[in-house]
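Analysis of the macromolecular model
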Amino acid sequence: MRTRPYNPETDYDAVARIWQEIGWVERGNDDQQEGLRCFITDYQGLVAEINGSAECYVATGPGTMRYLENELALSAVAAVATSHVARRQGLARRLTAAAVAHAAVDGALVSGLGVFDQGFYNKLGYGTGVYENWYALDPAHLRVPVNARPPRRVTKDDWEAMHRARHRRLRGHGSCTIEAPAATRSEAMWASNGFGLGYNDGPNGELTHYVWFSSKDLENGPLNAWWMAYENLDQFMELMTVIASLGDQIHVVRMREPAQIQLQDLIDQPFRRNRISEKSNYESRNRSAAYMQFRICDLPACLAATKLEGDAVRFNLRLSDPIEGLLDDSSPWRGVAGDYVVELGPESGAEPGLADTLPILEASIGAFTRLWLGVRPPPGLAATDDLAGPEELLADLSRILRLPPPKSDWDF
């Protein structure tokens, strides 16, 4: 396998062929093809060759992750695509490891990605994030004000305004942004019958809040509300009123439950609706899945930005990181495995070494990332993940790591 940067002059046709083979874009669909061109232009790409042709492609892009009140440099792994002739060769795993290493050298403190299934990326040190709740709800049964201001139409040509609004949106712990304009532009172009509704309430007429939909059936739905952007919860409620106004024709809208909100609060008789619509084309339901994964790339820097309330907890951390075995010997970044003395509290940090008087926490980098983000309490992670330590230490970590659910609020 030869790994190298993507070359736009020689590799585009091969990468486009990969995306077509795996069903991510359709031949003859001009919008999808243009979206792919934008995507490949805006993200940093690596390819792996077989017989002189690119047969595996990994794309990453810089962004940020919010940890409580601090912004951390994030590398988003936006695509891992392997052709039909390169399966079961280990290319995707090794090429993704190389992309993570490149991003870490460039200053990424955290790496994240969306998974096709759990397990594959754990072998690169990723740990599973929190559950995302996706509601399929009948907009006619939303308990929100019935009268909305007429929204403006938002189209794929408004991608710049949409992207800026996503960066200005109300954010919480764990929320992510991606710099690449294709993170919005390409996704909008790939949406079936994509359209948006929103409001230009900025001081200079900027787009402030909107929701982006797609649907294969524009007459009755379901509509997929792929993302929303809003600067405060009043704007969120206005967007929900817009969604409710579609209920005279659209029977189901599918949307992700936002941070801070329990959508069931806004649904009239949710369980009755579930029973009545069960197994129909317009079934109302709530489904959950944890499909985003993250890993720390620079432990001392991540912990230096960690400001927690309460008495500090000090311990030894014996950290393993499987990514090292997937990297070429020439890679200057080798993962974060090692022994550390860690403090979590108002001033947190990690230094190499072991202290004789401190308890030891043993963890994989994926499990420790989950603990640090607050995905699950430490005793639960000790039961189900690669993490072990004395009960007293786990109890102390549970006390100090009282964090909101780390919702990424941006799929990639």
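Scroll up to find the structure this text is about.
Computed from a prediction, not measured in an experiment: that's the story for all the values here.

**Looking at the environment of Ile 360**
Within the element layout of this structure, Ile 360 appears in strand 19 (residues 360–364). Residue Ile 360 is classed as partly exposed on the basis of its relative accessible area, which comes to 34%. Measuring from C-alpha to C-alpha, the distance between Ile 360 and Arg 318 comes to 7.0 Å, with 42 residues separating the pair along the chain.

**Observations concerning the side chain of Ser 214**
Position of Ser 214 among the secondary structure elements: in strand 11 (residues 209–214). The exposure class assigned to Ser 214 is buried, which follows from its relative accessible area of 5%. Side-chain polar atoms of Ser 214 contact the side chain of Trp 226, separated by 2.6 Å. Not counting the four nearest positions on each side in its chain, Ser 214 is found in contact with Ala 191, Ser 192, Asn 193, Gly 194, Pro 222, Leu 223, Asn 224 and Trp 226.

**Thoughts on the environment of Met 189**
Take Met 189: it is sitting in helix 5 (residues 182–190). Looking at Met 189, the relative accessible area reads 10%, which means it is buried. In this structure, the C-alpha to C-alpha distance between Met 189 and Lys 156, residues 33 residues apart in sequence, is 6.3 Å. The residues touching Met 189, leaving out its near neighbours within four places in the chain, are Asp 31, Gln 32, Glu 34, Gly 35 and Lys 156.

**Digging into the pattern of salt bridges**
One pass over the structure, following the stated rule, counts 20 salt bridges. Here Arg 66 and Glu 71 are joined by a salt bridge, their closest N and O atoms 2.8 Å apart. Assessed through its relative accessible area of 22%, Arg 66 is described here as partly exposed. Note that Arg 149 and Glu 238 form a salt bridge whose closest N and O atoms lie 2.7 Å from each other. Of this pair, Arg 149 sits in the loop between strand 7 (132–137) and strand 8 (152–154) while Glu 238 is found in helix 6 (residues 233–245), placing the two residues 89 residues apart along the sequence. Beyond isolated ion pairs, a larger network of salt bridges with shared partners links Arg 2, Arg 4, Asp 11 and Glu 49.

**Re helix 5**
Among the nine residues that make up helix 5, seven are buried, leaving the element largely enclosed by the rest of the structure. Of all the positions in helix 5, only Ala 182, Ala 183, Thr 184, Ser 186, Ala 188, Met 189 and Trp 190 are classed as buried. In the core, the buried residues of helix 5 are packed alongside helix 1 (12–21), helix 2 (30–42), helix 4 (159–168), strand 9 (176–178), strand 11 and strand 12 (223–229).

**With respect to the state of the cysteines**
Enumeration over the complete set of coordinates arrives at zero disulfides. Lacking any disulfide linkage, Cys 302 is separated from the closest cysteine sulfur, that of Cys 297, by 7.6 Å.

**Considering helix 1**
Residues of helix 1 that are buried include every one of Tyr 12, Ala 14, Val 15, Ala 16, Ile 18 and Trp 19, and no others. In this fold, the buried residues of helix 1 make contact with helix 2, strand 2 (44–50), strand 3 (53–67), strand 4 (70–82) and helix 5. Phi turns positive, to about 85°, at Gly 23, one or two residues after helix 1.

**As for the packing of aromatic side chains**
Evaluated as defined, the whole model comprises 16 aromatic pairs. Ring centres 4.4 Å apart and planes at 35° place the aromatic pair Phe 39 and Tyr 43 in the tilted group. Of the two residues, Phe 39 and Tyr 43, both sit in the buried class. Ring geometry for Tyr 230 versus Phe 236: centroids 5.3 Å apart, planes at 50°, classification tilted. Residues Tyr 230 and Phe 236 agree in their burial class; the two are buried. Ring-pair connections join several aromatic residues into one group, and the members of that group are Trp 19, Trp 24, Phe 39, Tyr 43 and Trp 190.

Reading the values: rules and limits
Residues numbered from 1 in each chain as written. Predicted model: local features only at pLDDT ≥ 70, side-chain atom pairs only at ≥ 80, totals over all residues. Heavy atoms only, no water. Helix = DSSP H or I, 4+ residues; strand = E, 2+ residues; numbered from the N terminus. Buried < 20%, exposed > 50% of the residue type's maximum accessible area, 1.4 Å probe, protein only. Polar contact = N/O pair within 3.5 Å; in protein donor to acceptor, adjacent residues only side chain to side chain. Contact = heavy atoms within 4.5 Å. Salt bridge = Lys/Arg side-chain N within 4 Å of Asp/Glu carboxyl O. Disulfide = S-S within 2.5 Å. Phe/Tyr/Trp six-rings, centres within 6.5 Å; stacked < 30°, edge-to-face > 60°.

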